[in-house]
Amino acid sequence: MERKYLIVGNWKMNKTPSQSEDLVKKIIDLKTRHGISAHVTIAICPPFTSLDRCAEWLKNTDIAIGAQNLYFEKEGAFTGEISASMLKDLRLTYVIIGHSERRAIFHETDEQIHQKVKIAQASQLIPILCVGETLDERESNRTLTVIETQISHVLEGLTNTNLVIAYEPVWAIGTGKTATPEMAQKVHQFIRELLQKQFGKGSQIIPILYGGSMKPDNAADLLTQPDIDGGLIGGASLVAESFMDIVATKGLSPLDSRKES
Ligand code: PEP
């Protein structure tokens, strides 16, 4: 099966259900009008309260939908939390796990993130596992060590390659600062090697996305790097035109041919 670029919109805590409906309708409309490349898969991750309505709009399209978080217990007395089976019942494909905002603001640990990845996979949801270094960690040359620690702790003992990794340097999220394509490529290549060590040949199907102020004007330079397989888009995904301009980035050759060359 062809490996495709994956472009995911993370709407964070934005858009009421009716605003979400307007945005999803615009995305569907632009997709039809733009004639998006067959080499790209699109996914959106609206807030929990908008998932049902958006899933309904998307059900006859090839745009996928995911959630931004879940809880690692199956069910029970966990007031305010959302389980994997609740998400699966909405026919979601993806769930973002371990976003840096959840790590920093809600103090999620690698151990909790590990549990979340496990329950997501057990429920046939594809986790989009976020990893990334802070500015302090980058400036003290600890980027690769931090990434290795996050990945090895979270993926410890896992064998299921139904997984997406998003490399998101924390200092680039929502700041307008983007990693240069070379900086991003270096980390992506390193992540690819870590995945290869853990999963062997099967790791080749795991998409590695870049996230952190990706916009229509920097998307092409990032997405054409040899180990960048797509993007996790925050701010620019809240406006249908800019999100779909990223999706419509020119010059993306099929991922499989790119890896062979
Ligand atoms: C994100 O939050 O996943 C993200 C990449 O945000 P932004 O594109 O706004 O930097």
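Okay, so let's go over this structure.

Lining the immediate environment of the ligand, one finds 14 residues, of which K12, H99, E168, G174 and S213 sit closest. Side-chain polar atom of H99 to an oxygen atom of the ligand: 2.8 Å apart, as the coordinates give it. E168 has a polar side-chain atom sitting 2.7 Å from an oxygen atom of the ligand. When the residues that make up the shell around the ligand are grouped by side-chain class, the tally is four nonpolar, eight polar and two charged.

The subject of this paragraph is the nonpolar core. If you look at the biggest cluster of nonpolar residues, it comprises 68 residues, and the most contacted ones within it are L155, I165 and I191. Among the elements that make up this core, the one with the highest residue count is helix α8 (residues 181–199) (seven residues). Those residues in contact with I191, other than ones at most four positions away along the chain, are V131, I147, I151, I165, Y167 and I208. The next biggest cluster of nonpolar side chains, apart from the first, holds 14 residues, and it includes Y94, I96, I128 and V164.

To continue, consider the pattern of salt bridges. Under the criterion given, the structure shown has 15 salt bridges. Between K12 and E101 there is a salt bridge, with its nearest N and O atoms 2.7 Å apart. Here K12 is found in the loop between β1 (5–10) and α1 (17–34), whereas its partner E101 is found in helix α4 (residues 100–105), with 89 residues between them in sequence. Of the residues examined, E101 reaches a relative accessible area of 27% and is grouped as partly exposed. Each of R3, R192, D227, D229 and D256 takes part in a single network of salt bridges with overlapping partners.

Looking now at α1. Taking 1.5 Å per residue, 18 residues should reach 26 Å; α1 reaches 25 Å between its end C-alpha atoms and fits that length. Where α1 is buried, its residues touch β2 (40–45), α2 (48–58) and α10 (240–247).

The next subject is the environment of A43. Mapped onto the elements, A43 comes out in strand β2. Between the C-alpha atoms of A43 and G211, which are 168 residues apart in sequence, the distance is 14 Å.

Turning our attention to the packing of helix α5 (residues 110–122) against helix α7 (residues 143–154). Contact geometry of α5 with α7 gives a least axis separation of 8 Å together with a crossing angle of 50 degrees. The orientation of α5 with respect to α7, classified from their angle, is oblique. Between α5 and α7 lies a crossing of right-handed hand. Residues D110, I113, H114 and V117 of α5 pack against T149, Q150, H153 and V154 of α7.

Conventions and cut-offs
- Residues numbered from 1 in each chain as written.
- Predicted model: local features only at pLDDT ≥ 70, side-chain atom pairs only at ≥ 80, totals over all residues.
- Heavy atoms only, no water.
- Near = heavy atom within 4 Å.
- Polar contact = N/O pair within 3.5 Å; in protein donor to acceptor, adjacent residues only side chain to side chain.
- Nonpolar A, V, L, I, M, F, W, Y, C, P; charged D, E, K, R; others polar.
- Core = buried A, V, L, I, M, F, W, Y, C linked by side-chain atoms within 4.5 Å.
- Buried < 20%, exposed > 50% of the residue type's maximum accessible area, 1.4 Å probe, protein only.
- Helix = DSSP H or I, 4+ residues; strand = E, 2+ residues; numbered from the N terminus.
- Contact = heavy atoms within 4.5 Å.
- Salt bridge = Lys/Arg side-chain N within 4 Å of Asp/Glu carboxyl O.
- Expected span 1.5 Å × (residues − 1).
- Axes fitted to C-alpha atoms, helices over the stretch in contact; angles between N-to-C directions.
- Parallel < 35°, antiparallel > 145°, perpendicular 65-115°, else oblique.
- Left-handed = near helix turned anticlockwise from the far one by under 90°.

Honestly, it's all geometry; don't read function into it.
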